[in-house]
Amino acid sequence: MTDRAHVSTDSLEDALLPWLPQQRWFAAKGSPIASLRVASRVDVGSRSDVQVEHLLVDVELDGGVELGGGTVQRYQVPLGFRDAAVDDLAAWRLPIQDGPFVYDGLRDPTVIALYSDAIAAADSIGPLDFRLVAGAAVDAGMSGRVLGAEQSNTSVILGEVLLLKLFRQVASGINPDIELHRVLAETDCTYVAPLRAWIETESDGELSMLGMAQDFASDSAEGWTTALTSVRDLLASDRSPEDMDSDFASEARGLGAAVAHVHADLARGLGTDERDASSTVAEILGRVEGAVAVVPELAEHLPAARDLVARAEAGGTATVQRIHGDLHLGQVLRTPSTWLLIDFEGEPAKSLEERRRMDSPLRDVAGMLRSFDYAAHHLLLGDADVTDETYARASAWAARNSSAFCDGYAEVAGYDPRDHAALLGAYELDKAVYEAVYEARNRPTWLDLPMRAVGRLAPPVRG
Ligand SMILES: Nc1ncnc2c1ncn2[C@@H]1O[C@H](COP(=O)(O)OP(=O)(O)O)[C@@H](O)[C@H]1O
Ligand SMILES: O=P(O)(O)O[C@H]1O[C@H](CO)[C@@H](O[C@H]2O[C@H](CO)[C@@H](O)[C@H](O)[C@H]2O)[C@H](O)[C@H]1O
């Protein structure tokens, strides 16, 4: 069998340098890498003809980029080592000449099985600790397959019963996704997929969380896909949203209720606080002003943004608590019986400390309202023949579902988010501006979508 130890750390580093930026989950695409260092190399074991190593890789970026956690990013890279190349894994191969076939281990069911068994046994392998949630049992011998969708992290389905998510970018400290899922397990929250296990490691006295396993909702559909079906039907017909079989309003109402239940459980588990609205709105304004450097068209919206934020500030104090932090239709799953919220990591561009801070639940409500706006109008992007009437029909879908969502939220929360119109509007603006930056960098053809929302929330003052 291959001797993985014959692959020196130097040659791994040389191979990772061109390979890492090509991976979908590499967060600093386009930023030059100043240096790359393998910070740790753990022998996870071997199975049939594969040897497995767990790598933590530090990438130092050439300054000037806004990155959560500074300009050094740490990545988790499990590697498989084989004597012979395997066609199905060739796309994930590291460019190492004259050595074994080395590749992204999370693409290989044999490697995944090793991790799965370590979870089942609540094992410790060198500095890697596989932890089971109290009372949870995980079967050994489950086979795994990587989830099709490529995201910021890599998710693997184990035995069709568990979803194991390995974080690709690793930060020191408590990961909010694991932290909040643990709290929601204690409150018996039924609006999340129960957490069963997690993986952590400690180096130099610092804890880092590497992954988590929760129940796999095999029969679920993403909220974004479900919502788009409804919009597509509406735009293809001349009926009003309420007359459509695929009307989404009762779904939106149920989703609002689910989000309110999760907020109530997070408040129960981790408490609430009162915060002066001025500190919240100062942050929002700072972000809007900062975004002009990336999207110069935002400049003409600044005066109205300042007015909106000042009105929100006049609202006095705001109740804050732990929230989801990056809620949108891609972060909710519809099962046959309920809505589930997933991915409590918060906005990827923020530092771990910022993501774990208490914030107003209105931020999550605003995220979902923005998502209804996205779902309603995204099918019209790039279509030069869109009539005002079609656009208005799409907007009516967004308005109807935003309203249903708030109704459902109010029923459970005991207050209506719309009663805090100025602060809610400030959060919507904050999200729309974040989206404008995100789209300018990642999907420029989508930029018009958040910019229209910015225009509605903070109309340009002309003349
Ligand atoms: N518990 C689950 N059951 C079924 N599918 C899930 C579950 N959790 C996540 N998913 C699917 O995996 C995808 C990625 O999950 P997510 O937690 O958002 O990862 P990332 O942090 O990489 O964005 C989601 O869009 C969803 O389709
Ligand atoms: O993938 P993440 O959950 O980290 O979120 C990032 O990417 C999202 C796009 O996939 C982006 O969301 C925006 O587009 C969605 C449709 O593709 C829409 O539902 C969201 O409302 C809209 O914000 C998200 O902002 C970004 O953080």
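Every value quoted in this text rests on a predicted model; they were computed, and no experiment measured them.

Lining the immediate environment of ligand 2, one finds W224, D326, H328, Q331, P348, S371, Y374, Y434, E435, Y438, R443 and W446. One of the side-chain nitrogen or oxygen atoms of E435 is found 2.7 Å away from an oxygen atom of ligand 2. In the environment of ligand 2, an oxygen atom lies 3.0 Å from a nitrogen or oxygen atom belonging to the side chain of R443. Compared with its free state, where it exposes 540 Å², ligand 2 has 88% of that area covered by protein. Broken down by secondary-structure element, the contributors of at least two residues to the shell around ligand 2 are α9 (362-378) and α11 (421-442). Here the shell around ligand 2 gets 3 residues from one element, more than from any other, and that element is α11. Across the shell around ligand 2, the residue classes tally to 6 nonpolar, 3 polar and 3 charged.

Taken together, 3 strands build an open sheet; the order of strands is β13-β16-β17 and the sheet is antiparallel. A single partner strand is all that each edge strand has here, and the edge strands are β13 (221-222) and β17 (339-341). With 2 bridges connecting them, β13 and strand β16 (residues 332-334) associate as antiparallel partners. Counted as the bridge partner of A221 is R334 from β16.

With that settled, the discussion passes to the nonpolar core. Ranked by internal contacts, the top residues of the largest apolar core, which has 71 residues, are L255, F372, W397, F405 and L429. Per-element tally for this core: the top contributor is α11, with 9 residues. If you count residues domain by domain, this core takes at least three from each of domain 1 (9-215) and domain 2 (221-457). Residues contacting L255, with those up to four places away along its chain left out, are L329, V332, W339, M368, F372 and F405. With 31 residues, the next largest nonpolar core counts V42, F101, Y103 and A197 among its residues.

For helix α7 (residues 302-313), spanning 12 residues, the distance from its first C-alpha to its last is 16 Å, which sits close to the expected 16 Å at 1.5 Å a residue. On its buried face, α7 is in contact with α6 (277-291), α11 and α12 (448-457).

Strand pairing in a sheet is mediated by backbone hydrogen bonds. Such pairs are either parallel or antiparallel. Reading across from one edge, β5-β6-β11-β12-β9-β8-β7 is the order of the 7 strands in this open sheet, with antiparallel pairing throughout. The open sheet terminates on both sides in strands that have one partner only, identified here as β5 (124-125) and β7 (144-146). Note: β5 against strand β6 (residues 128-132), 2 bridges, orientation antiparallel. Counted as the bridge partner of I125 is L128 from β6. Each of β5, β6, β7, β8 (154-158), β9 (162-166) and β11 (195-203) is contacted by helix α2 (residues 109-120), which is oriented at about 60° to β6, the strand it contacts most. Here helix α3 (residues 176-186) sits on the sheet and contacts β9, β11 and β12 (206-215); the angle it forms with β12, its principal contact strand, is near 55°.

With that settled, the discussion passes to the side chain of H181. Note that H181 resides in helix α3. Exposure remark for H181: the relative accessible area of 1% places this residue in the buried category. Engagement of the side chain of H181 in a polar contact is seen with the backbone oxygen of D177, the distance being 2.8 Å. Ignoring anything within four residues of it in the chain, the contact list for H181 reads V192, A193, L195, M212, Q214, L341 and F344.

Turning to the state of the cysteines, a few remarks are in order. Under the definition given, this model contains 0 disulfides. Unpaired in terms of disulfides, C189 finds its nearest cysteine sulfur in C406, a separation of 20 Å.

This paragraph deals with unusual backbone geometry. Unlike most non-glycine residues, A122 shows phi in positive territory, near 45°. Counting through the fold element by element, A122 comes out in the loop between α2 and β5. A122 sits in the partly exposed class, given a relative accessible area of 38%. Its identity as a non-glycine residue notwithstanding, D188 has a phi of 55°, on the positive side. If you trace the backbone, D188 turns up in the loop between α3 and β11. D188 gets classed as exposed once you look at its relative accessible area, which sits at 63%.

On to the domain arrangement of the protein chain, then. Assigned domains of the protein chain: these are domain 1 (9-215) and domain 2 (221-457). On a C-alpha basis, the centroid separation for the pair domain 1 and domain 2 is 31 Å. On the domain 2 side, the residues contacting the 25 residues of domain 1 number 25 residues. With both sides pooled, the region where domain 1 packs onto domain 2 buries about 2000 Å², and carbon together with sulfur makes up 60% of that total.

Rules of the game
Residues numbered from 1 in each chain as written. Chains lettered and ligands numbered in written order. Predicted model: local features only at pLDDT ≥ 70, side-chain atom pairs only at ≥ 80, totals over all residues. Heavy atoms only, no water. Near = heavy atom within 4 Å. Polar contact = N/O pair within 3.5 Å; in protein donor to acceptor, adjacent residues only side chain to side chain. Areas by Shrake-Rupley, 256 points an atom, 1.4 Å probe, with all protein chains shown as cover. Helix = DSSP H or I, 4+ residues; strand = E, 2+ residues; numbered from the N terminus. Nonpolar A, V, L, I, M, F, W, Y, C, P; charged D, E, K, R; others polar. Pairing = 2+ DSSP bridges. Core = buried A, V, L, I, M, F, W, Y, C linked by side-chain atoms within 4.5 Å. Buried < 20%, exposed > 50% of the residue type's maximum accessible area, 1.4 Å probe, protein only. Domains from an automatic or database assignment. Contact = heavy atoms within 4.5 Å. Expected span 1.5 Å × (residues − 1). Axes fitted to C-alpha atoms, helices over the stretch in contact; angles between N-to-C directions. Disulfide = S-S within 2.5 Å. Buried area = accessible area lost by both parts, 1.4 Å probe.

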